[in-house]
Amino acid sequence: IVAVGALLTVARLGEAFLLLRAADAGVAVALTPSVLLAMNVAYALTAYPMGRLSDRIGRWRILGMGVMCLVVAHGALALATDIWLVLAASVLWGVHLGATQGLVATLVADAAGAELRGTAFGIFHLATGVSLLIGGVLAGAVWSSFGAPAAFLAGGAVALLSLVAIFISPKSA
């Protein structure tokens, strides 16, 4: 679970890249906050329903669906040339967050015994924190060397790897 969460965090790149992509796609500076607004509204509107749905059909299925949203969002951001595609991708990014953020934490809690839950969360957050740093550095290097589309295509490729990891992971929770 920690490995899947860490790999998924590398794929996520970080929300700052959404703002950079919006600017790179020609979105006016005054409108760039709308990108994070769209993402956060989608996140807020989907987190509870995704959590409820995961209780009915399984956490790993919803996690996989959320990662598929991230893959599509990365593809859209790689192709984005205007505010509308950037906003649509940001909404998908938010849906991804709504489907994955709480679920990965729940999987950690489900897998850890009550006496080790604090340790499990500490290890999980250490791994995802390091992964976020690694993902950001790698995305920045790819962006600087090959451009924004390449950075999002690379992020999408890592998201696909995390999707494979979800499907091959032992489903202990």
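Here's what I pulled together on the structure shown here. Because the structure is predicted, anything quoted here is derived from the model rather than measured.

## Here we look at the overall build of the protein
Step number 1: Helix and strand counts for the protein come out as seven helices and zero strands.
Step number 2: Listing the helices and strands of the protein from first to last along the sequence gives α-α-α-α-α-α-α.
Step number 3: Taken over the C-alpha trace, the protein has a radius of gyration of 16 Å; the compact-globule value for 173 residues is 16 Å, and the two agree within 12%.
Step number 4: Projected onto the principal axes, the alpha-carbon positions of the protein cover approximately 50 × 30 × 25 Å.
Step number 5: A total accessible area of about 8,400 Å² is found for the protein, and carbon and sulfur atoms account for 73% of it.
Step number 6: When the 8 basic and 6 acidic side-chain charges of the protein are each reduced to a single mean position, those positions are 9 Å apart.

## Regarding a nonpolar patch on the surface
Step number 1: A cluster of nonpolar residues, L126, V130, I134 and L138, forms a patch on the protein surface that exposes about 370 Å² of accessible area.
Step number 2: In this fold, L138 is placed in helix α6 (residues 117-146).
Step number 3: Given a relative accessible area of 49%, L138 falls into the partly exposed group.

## Details of the packing of aromatic side chains
Step number 1: All told, the structure shown has two aromatic pairs when counted by the stated rule.
Step number 2: Aromatic side chains F17 and W143 sit 5.9 Å apart centroid to centroid with 45 degrees between the ring planes, which places their arrangement in the tilted category. One end of the pair, F17, is in helix α2 (residues 16-24); the other, W143, is in helix α6, with 126 residues separating them in the sequence. Here the two residues F17 and W143 agree in accessibility, since each one is buried.
Step number 3: Ring-pair connections join several aromatic residues into one group, and the members of that group are F17, W143 and F152.

## Details of helix α7 (residues 148-168)
Step number 1: Here α7 contains 21 residues, and its C-alpha end-to-end distance of 31 Å stays within 8% of the 30 Å for a straight helix at 1.5 Å per residue.
Step number 2: Looking at the buried residues of α7, the elements they touch are α1 (2-12), α2, α4 (59-79), α5 (83-111) and α6.

## Section: the packing of α4 against α7
Step number 1: It is the contact of α4 with α7, at a shortest axis distance of 8 Å, that shows an interaxial angle of 165 degrees. Classified by the angle their axes make, α4 and α7 are roughly antiparallel. Between α4 and α7 lies a crossing of left-handed hand. Between α4 and α7, the contacting residues are W60, L63, G64, V67, M68, L70, V71, H74, L77 and A78 on the first element and P149, F152, L153, G155, G156, A159, L160, S162, L163 and I166 on the second.
Step number 2: Looking at the contact of α4 with α7, its residues break down into 15 nonpolar, five polar and no charged.

## Brief notes about the pattern of salt bridges
Step number 1: This model, assessed by the stated rule, comprises three salt bridges.
Step number 2: One salt bridge connects R21 with D24, and the closest N-O pair in it is separated by 2.7 Å. Remark: D24 and R21 occur in helix α2; sequence separation between them is three residues, near one turn of the helix.
Step number 3: A salt bridge links D110 to R59; the shortest N-O distance between them is 2.9 Å. Remark: R59 occurs in helix α4 and D110 occurs in helix α5; sequence separation between them is 51 residues.
Step number 4: We classify D110 as partly exposed; its relative accessible area is 39%.
Step number 5: Taking relative accessible area as the criterion, R59 reaches 21% and is therefore assigned partly exposed.
Step number 6: Through salt bridges with shared partners, a single ionic network connects D55, R59 and D110.

What counts, and where the lines are drawn
- Residues numbered from 1 in each chain as written.
- Predicted model: local features only at pLDDT ≥ 70, side-chain atom pairs only at ≥ 80, totals over all residues.
- Heavy atoms only, no water.
- Helix = DSSP H or I, 4+ residues; strand = E, 2+ residues; numbered from the N terminus.
- Rg over C-alpha atoms; globule rule 2.2 N^0.38 Å.
- Areas by Shrake-Rupley, 256 points an atom, 1.4 Å probe, with all protein chains shown as cover.
- Lys, Arg positive; Asp, Glu negative; His and termini not counted.
- Charge placed at Lys NZ, Arg CZ, Asp CG, Glu CD.
- Patch = residues over 30% accessible without salt bridge, like charges linked within 9 Å, V, L, I, M, F, W, Y side chains within 5 Å.
- Salt bridge = Lys/Arg side-chain N within 4 Å of Asp/Glu carboxyl O.
- Buried < 20%, exposed > 50% of the residue type's maximum accessible area, 1.4 Å probe, protein only.
- Phe/Tyr/Trp six-rings, centres within 6.5 Å; stacked < 30°, edge-to-face > 60°.
- Expected span 1.5 Å × (residues − 1).
- Contact = heavy atoms within 4.5 Å.
- Axes fitted to C-alpha atoms, helices over the stretch in contact; angles between N-to-C directions.
- Parallel < 35°, antiparallel > 145°, perpendicular 65-115°, else oblique.
- Left-handed = near helix turned anticlockwise from the far one by under 90°.
- Nonpolar A, V, L, I, M, F, W, Y, C, P; charged D, E, K, R; others polar.

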